[in-house]
Amino acid sequence: MMRSPGRDPAPSDGEEASDSTPLLQGAWPAEGAPVCCSARYNLAVLAFFGFFVLYALRVNLSVALVDMVDSNTTSADNVTSKECAEHSAPVKILRSQTGKRYQWDAETQGWILGSFFYGYIVTQVPGGYIARKVGGKRLLGFGILGTAVFTLFTPIAADFGVGALVVLRALEGLGEGVTFPAMHAMWSSWAPPLERSKLLSISYAGAQLGTVVSLPLSGIICLYMNWTYVFYLFGIVGIIWFILWISLVSDTPETHMRISQYEKEYILSSLRNQLSSQKSVPWVPMLKSLPLWAIVVAHFSYNWTFYTLLTLLPTYMKEILRFNIQENGFLSALPYLGCWLCMILSGQAADNLRAKWNVSTVCVRRVFTLIGMIGPAVFLVAAGFIGCDYSLAVAFLTISTALGGFCSSGFSINHLDIAPSLDVSSLRQRHFIHPYHSFCTRRGTPGPYLSSGYVIIPKK
């Protein structure tokens, strides 16, 4: 039975001295370091804006492409574009017509939109290795900076031709591919176990809000100015964020210049027994790990749907539901506003369930993953059977994407639950090591010492 942390009673005379001392020395205070103005939450906020910029740079082409392509070219190739009737009221304002138009058919547009992910997939695994060598701060910062700089050259690449634009987008994908591994590497040194869901959900929620802002803003820019300014604006914002990131962030609490001593000790103590002493990567055990493969399958399944919608939703809004460019941006952003809200709320709920209700980590991860996978699947399948009911289509797509936000506290951060390892070599001779529990106990009284993944019980 779990007990509230409290002062440990003195051992009885019959107990050995070695059993009278908590197994996890230097356990952190029962009440964590304050949240307000803390270095770890400042990191979360800066990471939030980093992923805001990251996804703004990623999705702006999805809306801009609608305005870059001569609509007559697309309509001639699309046999379903006339299935739903026109319904949007004409835009009364004078629309800018200064942006250059290109004769790109649907297949060419698909190659342009998909080229980003050819670069993105290449740097996923190397990104984790590089982050370990050079630090997550520099890798994440320069990854976003590179993407921002390449974004500034998008109009020039488009003038050179489809091939140049495809290569440029693939290079942007290379830069963005390292960002999630780099951020995970940083949080492995910064996030106390019982604040993990909150801190990571705050960080990654920036991706959803970046999508929410980028899609309608790109539509407005295309409407009032022209599509080239979409890339100039977001590219400059990315460079500004990079300057702030490099100036204010550190890879670890030990190297942070402005962190309080109390917060530093709190973070280091909470993570002390999660740091692996193994120097080489255990590739064979990793490849044999069923939990790891479960995370891989979950990521693949979720991202298949998420990125398909992220890339093609504006095209669907225009070609099938027949919304104009301004409506397109706002309605395409609506699902990601719901996802952002679910990410923030689910992060708070997940950590409260673990910290206050003593629900096991594995149970929390499973439940939140189940909600975030089954819910979106149901509504996305339903959206395929509603025909041209515009309101219902938008509602189902919004609910589907919003429920996916629960995965941010499920499989999405489960890497950090299973990757850290407790150095148990010195304890195996005297203790049983049992995984997947949250508290360490010693003979006589349950102790308040978190080990995030192990319960250590002395042999009698």
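Since the model is a prediction, treat every value here as computed from it, not as a measurement.

### So, the overall build of the protein chain
Secondary structure summary: the protein chain contains 17 helices and four strands in total. Considering only contacts within the protein chain whose residues lie at least 6 apart along the sequence, 80% involve residues at least 24 apart.

### Re a nonpolar patch on the surface
A cluster of nonpolar residues, Ile121, Val122, Val167, Leu171 and Leu174, forms a patch on the protein surface that exposes about 420 Å² of accessible area. Examining the composition of the nonpolar patch, we find that three residues originate from one element, helix α7 (residues 162-177), more than from any other. Along the polypeptide, isoleucine 121 turns up in helix α3 (residues 106-122).

### Section: the packing of aromatic side chains
One pass over the structure, following the stated rule, counts 25 aromatic pairs. A connected cluster of aromatic rings, assembled from ring pairs, spans Tyr55, Phe116, Phe117, Tyr120, Tyr302, Phe306, Tyr307, Tyr336 and Phe411.

### Here we look at the pattern of salt bridges
One pass over the structure, following the stated rule, counts eleven salt bridges. Residue aspartate 67 is joined to arginine 101 by a salt bridge in which the shortest nitrogen-to-oxygen separation is 3.5 Å. Of this pair, aspartate 67 sits in helix α1 (residues 39-68) while arginine 101 sits in the loop between α2 (71-77) and α3, and the two are 34 residues apart along the sequence. Classification of aspartate 67 as buried rests on a relative accessible area of 3%. With a closest N to O distance of 3.6 Å, aspartate 351 and lysine 198 form a salt bridge. One end of the pair, aspartate 351, is in helix α14 (residues 325-355); the other, lysine 198, is in helix α9 (residues 196-224), and 153 residues separate them in sequence. Accessibility assignment for this pair places aspartate 351 and lysine 198 in one class, buried. Three or more residues are tied together by salt bridges with common partners; here these are Arg40, Glu195 and Glu263.

### Structural notes on α7
The end-to-end C-alpha distance of α7 is 22 Å, a good match for the 22 Å that 16 residues give at a rise of 1.5 Å each. Those residues of α7 that are buried lie in contact with α1, α3, α4 (124-134), α5 (136-152), α6 (154-160) and α8 (179-190).

### Section: the UniProt feature "transmembrane region" (unreviewed entry) in the protein chain
As recorded in UniProt, the feature "transmembrane region" (unreviewed entry) lies at residues 39-57, 139-158, 202-224, 229-248, 292-317, 329-347, 367-386 and 393-413. Across residues 367-386, helical content stands at 85% and strand content at 0%; the span's end C-alpha atoms are separated by 29 Å. The span residues 393-413 is 52% helical and 0% strand by assignment, and the distance between its end C-alpha atoms comes to 31 Å.

### Some words on the environment of valine 359
Tracing the sequence through the fold places valine 359 in the loop between α14 and α15 (361-383). Exposure remark for valine 359: the relative accessible area of 24% places this residue in the partly exposed category. When near neighbours in sequence (up to four residues on either side) are disregarded, valine 359 contacts Leu353, Arg354 and Val364.

### Concerning the nonpolar core
Met68, Trp104, Met183, Trp187 and Trp245 are the most contacted members of the largest nonpolar core, which totals 98 residues. With 21 residues, the top contributor of residues to this core is α1.

### Let's talk about unusual backbone geometry
Phi at arginine 322 is positive, roughly 65 degrees, even though this residue is not glycine. Mapping arginine 322 onto the fold places it in the loop between α13 (290-319) and α14. Phi at asparagine 358 is positive, roughly 60 degrees, even though this residue is not glycine. Looking at the element boundaries, asparagine 358 is found in the loop between α14 and α15.

### Some points on the packing of α14 against α15
Contact geometry for α14 and α15: axes closest at 9 Å, N-to-C directions at 150 degrees. Comparing their axes, α15 and α14 come out roughly antiparallel. Once α14 is placed against α15, the crossing between them reads as right-handed. Touching Ser346, Ala349, Ala350, Leu353 and Arg354 of α14 are Thr361, Val364, Arg365 and Phe368, all from α15. Partitioning the contact of α14 with α15 into residue classes produces five nonpolar, two polar and two charged.

About the criteria used
Residues numbered from 1 in each chain as written. Predicted model: local features only at pLDDT ≥ 70, side-chain atom pairs only at ≥ 80, totals over all residues. Heavy atoms only, no water. Helix = DSSP H or I, 4+ residues; strand = E, 2+ residues; numbered from the N terminus. Contact = heavy atoms within 4.5 Å. Patch = residues over 30% accessible without salt bridge, like charges linked within 9 Å, V, L, I, M, F, W, Y side chains within 5 Å. Areas by Shrake-Rupley, 256 points an atom, 1.4 Å probe, with all protein chains shown as cover. Salt bridge = Lys/Arg side-chain N within 4 Å of Asp/Glu carboxyl O. Phe/Tyr/Trp six-rings, centres within 6.5 Å; stacked < 30°, edge-to-face > 60°. Buried < 20%, exposed > 50% of the residue type's maximum accessible area, 1.4 Å probe, protein only. Expected span 1.5 Å × (residues − 1). UniProt positions renumbered as here; feature names shortened; annotations may be inferred. Core = buried A, V, L, I, M, F, W, Y, C linked by side-chain atoms within 4.5 Å. Axes fitted to C-alpha atoms, helices over the stretch in contact; angles between N-to-C directions. Parallel < 35°, antiparallel > 145°, perpendicular 65-115°, else oblique. Left-handed = near helix turned anticlockwise from the far one by under 90°. Nonpolar A, V, L, I, M, F, W, Y, C, P; charged D, E, K, R; others polar.

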